[in-house]
Amino acid sequence: MCTVRVLVWKSSGRLADGREIIYFDESPGLGRASVPDQRPLAAPAAGAPSPDTARGPDLQSPGLRWDALTGEWVVIAAQRQDRTFLPPTQECPLCPSRPGRLTEIPAADYDVVVFENRFPSLRGAVPTPDPRTPGPRTPDPRTPDPRTPDPPTLAPQAPSPQAPSPQAPSPQAPSPQAPSPQAPSPQAQVGPLETGGVAGRPAIGRCEVVCFTADHNASFAQLSPRRVRTVLEAWADRTTVLQAAPGIEQVYCFENRGEEIGVTLHHPHGQIYGFPFVTPRTARALGQAQAYAAARRGNLFDDMVAGEVAAGTRIVARNEHWTAFVPAAARWPFEILLFPARRVPALPELDEAARVAFCDIYLDLLRRFDALFGLPLPYIAAWHQAPAGDAFARREFGLHLQLISIRRAPGKLKYLAGTESGMGVWINDILPEEAASSLREAG
Ligand SMILES: [Zn+2]
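Draft legend 1. Just the overall build of the protein chain, in detail. In terms of helices and strands, the protein chain carries seven helices and 18 strands. Among the 443 residues that make up the protein chain, the fraction classed as buried is 43%. Counting contacts in the protein chain only where the partners sit at least 6 residues apart, residues at least 24 apart contribute 71% of the total.

In structure tokens form, the structure reads like this:
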């Protein structure tokens, strides 16, 4: 149990090529951010993608192309083809540096560390200085937030203060019939490569890597509750910082685990994306929630959780502050949604009690996953958060974690084949109620 409030010390520095690195330490005075990166890395040619990026095949900068048939943006990031791919342990770029073996993390050790991805799909968004961290090695001031009786560890978490950026879509949530309403603004039309009257645009945003532990051979499920709490504080902090950055509409924290999922580095880590648009899945969920509210039926997220609790057949685990269940229309062989009992739009708004309780229930769920077949389960853990500049979303969206696995049996994986990839129609081979029962028994 992580039942005591914990402190996390945040400090940031720069890597040799100018990328930001942020340490989230579990004790003060370690000086990790001041350790220089001694690698001879060249700085990127420009701080942000060129406006011409979307015009054609630029291998250095990612670009956004508009899919006129689906109304969705596609990120073209050809420069990622050359990224590090499953290096041997002794060449892992996420282990701490040691003499003669310089990595992405200059310090000799770390607890949790976040840095800008060297091979980003989105780049160029510049977060504003974080007023909560006046300087390196300074513990968080922990100014109480009057809205939360028990303030969280790293920072007073103001809810989405900024107005939508000039590139922001309409604050109106989409209609449920419109798969993606993120119609680009005129400012976005910077290149001649038009599809359906919409020009491509530079893929401005932010991609960060989150290392959960310096232990190369660990996994998230093996972390201590204390470390999970530090990771949670890092996710919340990065959400606050990135969603305030000009041009970023939605912050997405996630972990891919397992070669079957497509990880290219074995070291336990996750990623954070700052998207310059609202993602299609979130837009659709908001559209559904808006239609639900317009029909005077209440809040869709609240009612979904209440319905699952009442039914009970798909509940996997619960504690006072969180509920985990297999959704009735689960798409994946094993899929869990984890909702806080007190609905909040995003991670920074979780109160202290919810943060404490998350550590235990999330570790419990991950261990159930690995116990299902007696072997490490490949999974994706995806945080669904409200877009920063959408007033309806800030008021009505329900933060939740989606935990999914592509394994349907030992030796068998779920592939997105003809119906899923071609038509977007999902076929699940496992009854969600049976999946929930198996996950309950795996605890
Ligand atoms: Zn490693």
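Having seen it, we continue.
Draft legend 2. Structural detail: the sheet that holds strand β15 (residues 379–384). Strand order in the open sheet formed by eleven strands is β1-β2-β5-β9-β11-β10-β15-β16-β14-β13-β12, and the pairing between neighbours is antiparallel. Only two strands of the sheet have a single neighbouring strand rather than two, namely β1 (9–14) and β12 (315–318). Neighbouring strand axes in the sheet, compared pairwise and without regard to direction, differ in orientation by 20° on average. Sitting on the sheet, helix α1 (residues 225–243) is in contact with β1, β2 (20–25), β5 (112–116), β9 (206–211), β10 (250–257), β11 (269–275) and β15, with an inclination near 145° to β10. Docked against the sheet, helix α3 (residues 300–311) engages β12, β13 (322–325) and β14 (334–340), running at close to 70° with respect to β13.

Draft legend 3. Highlighting the environment of Glu-320. Residue placement: Glu-320 occurs in the loop between β12 and β13. Sequence separation between Glu-320 and Ala-354 is 34 residues, and the spatial gap between their C-alpha atoms is 8.6 Å. Beyond its immediate sequence surroundings of up to four residues, Glu-320 is in contact with Ala-341 and Ala-357.

Draft legend 4. View of the sheet that holds strand β8 (residues 201–202). Pairing is antiparallel across the open sheet formed by three strands, whose spatial order is β4-β3-β8. The two strands at the open ends of the sheet, each matched to only one other strand, are β4 (72–76) and β8.

Draft legend 5. Expanded view of the confidence of the model for the protein chain. Summarising the model, the protein chain shows a mean pLDDT of 83, and 79% of its residues fall at 70 or more. With pLDDT under 50 throughout, residues 50–59 is counted as low confidence; its partners more than four residues away or in other chains account for 27 contacts.

Draft legend 6. Representation of the pairing of β4 within the structure. Sheet topology note: the strand β3 (residues 63–67)/β4 ladder contains five bridges and is antiparallel. Paired with Arg-65 across the strands is Val-74, a residue of β4. Hairpin connection of β3 to β4: four residues between the antiparallel strands, including Gly-71 at a positive phi of 70°.

Draft legend 7. Up close: the pairing of β12. Bridge count between β12 and β13: three bridges; the pairing is antiparallel. Counted as the bridge partner of Arg-318 is Thr-323 from β13.

Draft legend 8. Highlighting the nonpolar core. Of all hydrophobic cores here, the largest spans 100 residues; its most connected members are Val-113 and Leu-365. Beyond its immediate stretch of four places on either side in the chain, Val-113 contacts Ile-21, Ile-22, Tyr-23, Phe-24, Ile-105 and Cys-211.

Draft legend 9. Structural detail: helix α7 (residues 432–441). Three or more residues of α7 are buried, namely Pro-432, Ala-435, Ala-436 and Leu-439. End-on view of α7: buried residues confined to an arc of 100°, all on one side of the axis. Those residues of α7 that are exposed and angled more than 90 degrees off the buried face are Glu-434 and Glu-441.

Draft legend 10. Fine view of α3. Along its twelve residues, α3 runs 16 Å from first to last C-alpha, staying within 8% of the 16 Å computed at 1.5 Å per residue. Of the residues making up α3, those classed as buried are Phe-301, Val-305 and Glu-308. Taken end-on, α3 shows its buried residues confined to a sector of 60°, consistent with a single buried face. α3 presents Asp-303, Gly-307, Ala-310 and Ala-311 as exposed residues on the side facing more than 90 degrees away from its buried surface. On its buried side, α3 packs onto α2 (280–294), β12, β13 and β14. One or two residues past the end of α3 sits Gly-312, with phi positive at roughly 80°.

Draft legend 11. Focus on unusual backbone geometry. One non-glycine residue, Arg-296, lies in the positive phi region at around 60°. Residue position: Arg-296 is located in the loop between α2 and α3.

Draft legend 12. View of the packing of α1 against helix α4 (residues 352–372). At their nearest, the axes of α1 and α4 sit 9 Å apart, and the two run at 115° to each other. Crossing of α1 against α4: the hand is right-handed. Where α1 abuts α4, its residues Pro-225, Val-228, Arg-229 and Leu-232 lie against Arg-355, Phe-358, Cys-359, Asp-360, Tyr-362 and Leu-363. Looking at side-chain class alone, the contact of α1 with α4 contains seven nonpolar, no polar and three charged residues.

Draft legend 13. Geometry of the environment of Gly-18. With respect to the helices, strands and loops of the structure, Gly-18 is situated in the loop between β1 and β2. On the basis of neighbour counts, which here come to 13 C-beta atoms within 10 Å, the residue Gly-18 falls in the partly exposed class.

Procedures and definitions
- Residues numbered from 1 in each chain as written.
- Predicted model: local features only at pLDDT ≥ 70, side-chain atom pairs only at ≥ 80, totals over all residues.
- Helix = DSSP H or I, 4+ residues; strand = E, 2+ residues; numbered from the N terminus.
- Buried ≥ 20, exposed ≤ 12 C-beta atoms within 10 Å, placed from the backbone.
- Contact = placed C-beta atoms within 7 Å.
- Pairing = 2+ DSSP bridges.
- Axes fitted to C-alpha atoms, helices over the stretch in contact; angles between N-to-C directions.
- pLDDT = per-residue confidence, 0-100.
- Core = buried A, V, L, I, M, F, W, Y, C linked by C-beta atoms within 7 Å.
- Arc of directions from axis to C-beta.
- Expected span 1.5 Å × (residues − 1).
- Left-handed = near helix turned anticlockwise from the far one by under 90°.
- Nonpolar A, V, L, I, M, F, W, Y, C, P; charged D, E, K, R; others polar.

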